[in-house]
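What follows is the residue order along each chain.
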Amino acid sequence: MASHVEPATPLVEARGLHTYYGNSHVLHGVDFHIAPGETLALLGRNGMGKSTTIRSILGFVTPRRGDIYIRGERVNGQPPYRNIRRGIGYVPEGRGMFPNLTVRESLVMAARPGVDGRCDWDLDRVLATFPRLTERYSHLTGNLSGGEQQMVAIGRALMTNPELMILDEATEGLAPLIRKEIWQVIRAVKDTGIATLVVDKNVNVLLDLTDRSMIMVKGQVVYDGLSTELKDRQDLLQEHIGL
Ligand SMILES: Nc1ncnc2c1ncn2[C@@H]1O[C@H](COP(=O)(O)OP(=O)(O)OP(=O)(O)O)[C@@H](O)[C@H]1O
């Protein structure tokens, strides 16, 4: 008898998402999935719907049509805080700092065990990952540099012991050396087995870092495949990303 192996349930799956801002129809039937431990790049020019896809999945905007599942459970209409508690560490575009909290307060406030009770990431581990935050421990996050704020944002997400990290433009506007440091951390996070979804303008770094890539054009997915294969598709990269 032929053996049959069930594919693992995706960590997050979305089918046929249609999202609007008012009357403006932004997502046109987006299908999305990410497996446990997988690293996925979401690519596309500005305004193509990458952040809206993430915001729809997390519940910051409610799609008019389509279904969203987190670990197999349908979560349509659930508020973001509930979806995030299902094991998602979210580093939003713009970092979402509370400028009047110190580094310590920002990190400690986020601390909680993972959905399976895992406590791999705690304050000591985050500070060891970002030694610079130890030096800034008692500073208000509003007084930190952009790179340091980004480290707090990533550290805060790691303190929730996530199964999936979502990083939306995590290296935007950062100096090259700091950007390199952030990439090293994202790579290290990936190597611990946490699934990662990354949106970033540094497409060449993403193609090396990720297992799979999706390209979005005008609210639709026009490519979904292995990043190693996309690297050889200069035609697609040029047409849809302008590389
Ligand atoms: N809050 C909003 N209200 C109205 N329109 C919006 C809003 N947010 C985004 N849009 C529009 O929706 C479309 C998709 O934007 P989205 O931010 O998802 O794109 P993106 O691919 O993430 O690009 P970027 O890199 O510029 O953020 C764009 O046309 C944008 O102008």
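Residues numbered from 1 in each chain as written. Predicted model: local features only at pLDDT ≥ 70, side-chain atom pairs only at ≥ 80, totals over all residues. Heavy atoms only, no water.

In the nomenclature of an unreviewed UniProt entry, the protein chain is known as ABC transporter ATP-binding protein of Geopseudomonas aromaticivorans. We quote the UniProt Sequence similarities (unreviewed entry) comment for the protein chain here in full: "Belongs to the ABC transporter superfamily." (UniProt positions renumbered as here; feature names shortened; annotations may be inferred.)

1. Some words on the overall build of the protein chain
Secondary structure summary: the protein chain contains 10 helices and 10 strands in total. Here the C-alpha atoms of the protein chain give a radius of gyration of 18 Å, agreeing with the 18 Å that 2.2 N^0.38 yields for 243 residues. A principal-axis box enclosing the C-alpha atoms of the protein chain has dimensions of 55 × 45 × 40 Å. In the protein chain, which comprises 243 residues, the share counted as buried stands at 48%. (Helix = DSSP H or I, 4+ residues; strand = E, 2+ residues; numbered from the N terminus. Rg over C-alpha atoms; globule rule 2.2 N^0.38 Å. Buried < 20%, exposed > 50% of the residue type's maximum accessible area, 1.4 Å probe, protein only.)

2. Brief notes about the site of the ligand
Residues in close proximity to the ligand include Y21, V26, R45, N46, G47, M48, G49, K50, S51, T52, E93 and E169, which together make up its full environment. At 2.9 Å from an oxygen atom of the ligand is found a main-chain nitrogen or oxygen belonging to G49. Between the ligand and the protein, one listed contact pairs an oxygen atom with a side-chain N or O atom of K50 at 2.8 Å. Here the shell around the ligand is composed, by residue class, of three nonpolar, five polar and four charged. (Near = heavy atom within 4 Å. Polar contact = N/O pair within 3.5 Å; in protein donor to acceptor, adjacent residues only side chain to side chain. Nonpolar A, V, L, I, M, F, W, Y, C, P; charged D, E, K, R; others polar.)

3. Let's talk about the UniProt feature "domain: ABC transporter" (unreviewed entry) in the protein chain
UniProt feature "domain: ABC transporter" (unreviewed entry): in the numbering of this structure it lies at residues 12-243. Annotated as residues 12-243, this span is 36% helix and 26% strand, and its ends, taken at the C-alpha atoms, are 29 Å apart.

4. Some words on the nonpolar core
L43, I154, L158, M165, L167, I182 and L230 are the most contacted members of the largest nonpolar core, which totals 43 residues. Those elements that place two or more of their residues in this core are β3 (39-43), α3 (103-110), α4 (123-129), α6 (146-158), β7 (164-168), α7 (176-191), α8 (203-209) and α10 (234-241). Apart from the residues lying within four places of it in its own chain, the contact partners of M165 are G89, V91, I154, A157, L158, V189, I194, A195, T196 and L197. By size, the runner-up hydrophobic cluster in this structure holds 28 residues, among which are V12, L40, L42 and I166. (Core = buried A, V, L, I, M, F, W, Y, C linked by side-chain atoms within 4.5 Å. Contact = heavy atoms within 4.5 Å.)

5. Re the environment of E163
Inspection of the secondary structure puts E163 in the loop between α6 and β7. Put simply, E163 and G87 are 76 residues apart on the chain and 5.2 Å apart in space, counted from C-alpha to C-alpha. Once residues lying within four places of it in the same chain are set aside, the contact partners of E163 are L11, R71, G87, V115, R118, I194 and A195.

6. Observations concerning the pairing of strand β1 (residues 12-21)
A regular strand places its side chains on the two faces of the sheet in alternate fashion. Relative to strand β2 (residues 24-34), β1 runs antiparallel, the two sharing eight bridges. Residue pairing in the sheet places V12 in a bridge with I34 of β2. Between β1 and β2, which pair antiparallel in sequence order, lie two residues; one of them, G22, sits at a positive phi of approximately 60°. Alignment of β1 against strand β4 (residues 65-70), held across five bridges, turns out to be antiparallel. Across the sheet, the residue bridging to R15 is D67, located in β4. (Pairing = 2+ DSSP bridges.)

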